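Breakdown of the fold
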Amino acid sequence: MPVHVERAELPGIGVRHDILTDEGRRLSVVNMRDGGRVLAISDEDDPDRADESIELTDDEATALSEVLGGSLILTQVAGLRDHIAGLFMEQIPVRADSPFVGHPMGDTRARTLTRCSIVAIVRDAGVVPSPEPADLLGAGDALIVVGTREGLDKLVRIIGGEAPAHG
């Protein structure tokens, strides 16, 4: 069920966006006029007063959005398994000895050779959702892949350098 987001103008301050959680708590993000932002949890008895608030830097706000966005993608993809027989999701590590480290993702030819789709790349710097063929792979990356069991097994071998990335 979609979550309702309330928007409130705060004259002289900025804009507040509120989300009411299933537990009845109000989570607010205040985008300040000066470019700053505050994450707040409202007092249960007074929605205009915060129990706790945290000022976020630009880098912290970006990291938080990437973490939340990435975990949402993983949750949604994992949920597909419950609805579609024969479709699986797997996290495939890109080891330092993979022949694809430093190469574009398209070089794996994942979709062509295995009929699997790489739906995200998870790395230390965050998540790359819906990666493009030109996105470079790095040692330590994890590929979030959707496909058949057979296709996923073949892609694990390709990424590991155990199977050629051609016909």
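First things first, this report covers the structure right here in the doc. Model, not experiment: these values are computed from the prediction. (Residues numbered from 1 in each chain as written. Predicted model: local features only at pLDDT ≥ 70, side-chain atom pairs only at ≥ 80, totals over all residues. Heavy atoms only, no water.)

**Considering the overall build of the protein**
In terms of helices and strands, the protein carries 3 helices and 9 strands. By the burial criterion, 31% of the 167 residues in the protein qualify as buried. Sequence-distant contacts, at least 24 apart, represent 45% of the contacts inside the protein between residues at least 6 apart. (Helix = DSSP H or I, 4+ residues; strand = E, 2+ residues; numbered from the N terminus. Buried < 20%, exposed > 50% of the residue type's maximum accessible area, 1.4 Å probe, protein only. Contact = heavy atoms within 4.5 Å.)

**Points about unusual backbone geometry**
Generally, phi is negative for residues other than glycine and the peptide bonds are trans, each holding for most cases. The backbone of Arg 109 sits at a positive phi, close to 55°, despite the residue not being glycine. Among the secondary structure elements, Arg 109 is positioned in the loop between β6 (88–93) and α2 (110–114). Arg 109 gets classed as partly exposed once you look at its relative accessible area, which sits at 33%. Unusually for a residue other than glycine, Ser 130 sits at a positive phi of about 45°. Checked against the element boundaries, Ser 130 lands in the loop between β8 (126–129) and β9 (142–147).

**Thoughts on the nonpolar core**
Ranked by size, the top nonpolar core spans 17 residues in total, and within it Ile 118, Leu 143, Val 145, Leu 155 and Ile 159 carry the most contacts. Those elements that provide at least two residues to this core are α2, β7 (117–123), β9 and α3 (149–159). Here the element with the most residues in this core is α3; it accounts for 4 residues. Apart from the residues lying within four places of it in its own chain, the contact partners of Ile 118 are Met 105, Thr 108, Ala 110, Pro 131, Leu 143, Ile 144, Val 145 and Leu 155. (Core = buried A, V, L, I, M, F, W, Y, C linked by side-chain atoms within 4.5 Å.)

**A few points about the environment of Asp 135**
With respect to the element layout, Asp 135 can be found in the loop between β8 and β9. Setting aside its immediate chain neighbours within four residues, Asp 135 contacts His 103, Pro 104, Met 105, Ile 121 and Val 128. A distance of 2.7 Å separates a polar side-chain atom of Asp 135 from the backbone nitrogen of Glu 132. (Polar contact = N/O pair within 3.5 Å; in protein donor to acceptor, adjacent residues only side chain to side chain.)

**Concerning the pattern of salt bridges**
Under the definition given, this model contains 10 salt bridges. Between Arg 37 and Asp 58 there is a salt bridge; the shortest N-O distance is 3.0 Å. Residue Arg 37 is located in strand β4 (residues 37–42), and its partner Asp 58 is located in helix α1 (residues 58–80); the two are separated by 21 residues in the primary sequence. Under the relative-accessibility criterion, Arg 37 is labelled buried at 19%. Asp 153 is paired through a salt bridge with Arg 149; the nearest N and O atoms lie 3.1 Å apart. (Salt bridge = Lys/Arg side-chain N within 4 Å of Asp/Glu carboxyl O.)

**What to know about the environment of Gly 36**
Following the sequence through the fold, Gly 36 ends up in the loop between β3 (26–32) and β4. Here the alpha-carbon distance between Gly 36 and Thr 57, two residues 21 residues apart in the chain, equals 7.0 Å. In this structure, Gly 36 is in contact with Val 30 and Asn 31, ignoring residues within four places of it in sequence.

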